[in-house]
Amino acid sequence: MRIAILASGVLPVLDGVTVSVDARVRRLVARGDEVLLLAPASADRTRPAGLPPAVTFAALPSVPFGAAASDRNVVPEAAAEIDRALAGFRPDLIHVDEPERLALGLRRLPARAFARRHRVPLVAFFHTNFADYLGSGGNRYGLYAPLRAVVWRAVAQLYNRYDATLVPSAASLARLQRFGLANGLAGRFNGTDTQDFHPDLRRPGYWSARWGRPDLDGRAVMLIAGRLTADKGWADWRQVLPALAERLGDSLAVVVAGDGALRGDVEQLVAALPCGFLSGPVPRAEIGALLANSDLYATLSRFENASLAVYEALASGLPVLALEAGGLPGQVRHGVNGLLFRPGDAPGFVEGTARLVEDAAARHALRAGALAERPLLDWDRAFAAWLDALSAVDP
């Protein structure tokens, strides 16, 4: 198969899109498929390091985008480059990740005109609940509900112009369908590398040896990992972390890994905890060990679709503490592999966390539930589901 993948980002930018694109591209190459990857060019327009040599790469004109320093998005001039690259490659199928974000930069629907001219199947992949971000940075989130509904309808209509829309969360698909999506297909199309994320990476004295923090060894460690930006729930963490400190003292160590626009605020918040540590950004190759040497993984994001970080935590044997929002209930099963809480229920979150910190048996039961799911989380399984979905698409 000759497959063209048009993506809104590529490694070393680290997010759900770039990780999933890399996982699929590598497996396509291993199968012997021919792959064209089109993505925003880096500032120096170089080929992404580590991209398999067999992959044809088209670096698209782009400008800085979003909170991450290296994140970029295409510009209108990229449309001609996309058409040239597709014409030269002559794909059997075109797969587009985050077409709404790409359309914002291109000012047109990505790859649709080419696909219609050449009768090539055109598949979109829904990654991010962008509409939910409206108003998420302030305390008037509810006032934006009518505008979010309008944006959700516009997004659904945009995806309807593709031959199929793949959605990695049944809850997200149901929501899109309520706003008019007619071509959606839900499946576990995302996964994790269960070789890199494994409980066997746990080591005695890890926190002392790697991070110079012997005070974390022997304590229950709750890990919060990801971008330090408003969409990751930091308005809620400002309430929850002090309450956890009051409830548990230094029996709970809180580790925050990541970087972003809120780093200064998060640094102050973590410094006030009895046992807190802000590691800053962690290299991708070390995240598996960071997870395996923690005891709980927590997120207060209300906007996840199908979180790769949650899959990585579960594969590492960590119970996940999360909100009953977005696609997270499809990943976290309350009382089985983690705990779910209503958005805004800070007291419930604190008590649930305290119960796991104080009751090792309860924590270990959820750990067993997480580990039981490892065979379902591997990227090979997700890749097979993705290929099956692609095979059913007609132009």
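Residues numbered from 1 in each chain as written. Predicted model: local features only at pLDDT ≥ 70, side-chain atom pairs only at ≥ 80, totals over all residues. Heavy atoms only, no water.

By the naming in an unreviewed UniProt entry, the chain is Glycosyl transferase, taken from Xanthobacter flavus.

### Remarks on the side chain of R72
In plain terms, the rule: Labels follow the DSSP assignment, with helices taken as runs of H or I lasting at least four residues and strands as runs of E lasting at least two, numbered in each case from the N terminus. Counting of polar contacts relies on pairs of N or O atoms within 3.5 Å, with two restrictions inside protein: one atom must be capable of donating a hydrogen and the other of accepting it, and residues adjacent in sequence are counted only when both atoms are side-chain atoms. Working rule for contacts: check all heavy atoms of both residues, and any pair within 4.5 Å makes them a contact.
Looking at the element boundaries, R72 is found in strand β5 (residues 72–74). There is a polar contact of 3.0 Å between the side chain of R72 and the backbone oxygen of A41. Aside from chain neighbours lying at most four places away, what touches R72 is S8, P40, A41, S42, A43, S62, V63, P64, F65 and R101.

### Re the side chain of N305
Put simply, the rule is: Note on classification: 1.4 Å probe, protein chains only; a residue is buried when its accessible area is under 20% of the maximum for its type, exposed when over 50%, partly exposed between these limits.
Here N305 lies in the loop between β13 (296–298) and α11 (308–315). The exposure class assigned to N305 is buried, which follows from its relative accessible area of 3%. Reaching out from N305, the side chain makes a polar contact with the backbone oxygen of F126 at a distance of 3.0 Å. Among all residues touching N305, those that are not within four sequence positions of it are F126, H127, T128, N129, V167, P168, S169, S172, G327 and L328.

### Some remarks on the packing of helix α8 (residues 234–248) against helix α12 (residues 346–358)
Where we set the bar: Angular values range over 0 to 180 degrees, each being the angle between N-to-C directions of two axes fitted as lines to C-alpha atoms, with helices fitted over their stretch in contact. Each angle is binned into one of four classes, with values under 35 degrees roughly parallel, values over 145 roughly antiparallel, values of 65 to 115 roughly perpendicular, and all other values oblique. Take the far helix as your reference; a near helix turned counterclockwise from it by less than a right angle gives a left-handed crossing, and one turned clockwise gives a right-handed crossing.
The geometry of α8 relative to α12 is characterised by a closest axis approach of 9 Å and an angle of 40° between their N-to-C directions. As far as their axial angle goes, α12 and α8 are oblique. Judged by the sense of rotation from one axis to the other, the crossing of α8 with α12 is right-handed. On α12, the residues that touch W237, Q239, V240, A243, L244, R247 and L248 of α8 are A346, F349, V350, E351, T353, A354, V357 and E358.

### Section: the packing of aromatic side chains
This is how it is decided: Aromatic rings from Phe, Tyr and Trp, with only the six-membered ring used for Trp, were paired whenever their centres fell within 6.5 Å, and each pair was classed as stacked if the ring planes differed by under 30 degrees, edge-to-face if by over 60, and tilted otherwise. Each ring is checked for a lysine NZ or an arginine CZ that lies within 6 Å of its centre and within 35 degrees of its normal; such an atom marks a charge sitting over the ring.
As enumerated under the stated definition, the model contains ten aromatic pairs in all. Ring geometry for Y206 against W207: centres 4.9 Å apart, planes inclined by 80°, an arrangement best described as edge-to-face. Seen in terms of ring centroids, W237 and F349 are 5.6 Å apart; in terms of plane orientation they differ by 90°. Their pairing is edge-to-face. Of the two residues, W237 sits in helix α8 while F349 sits in helix α12, which places them 112 residues apart along the sequence. Residue class for W237 comes out buried when judged on its relative accessible area of 0%. According to the relative accessible area criterion, F349 is buried, its value standing at 1%. Through a chain of ring-to-ring contacts, three or more aromatic side chains come together here, namely F126, W152, Y159 and F179. The ring of F89 is capped by R2, whose NZ or CZ atom sits 4.4 Å from the centre of that ring. Over the ring of F125 we find R24, and its NZ or CZ is 4.6 Å from the ring centre.

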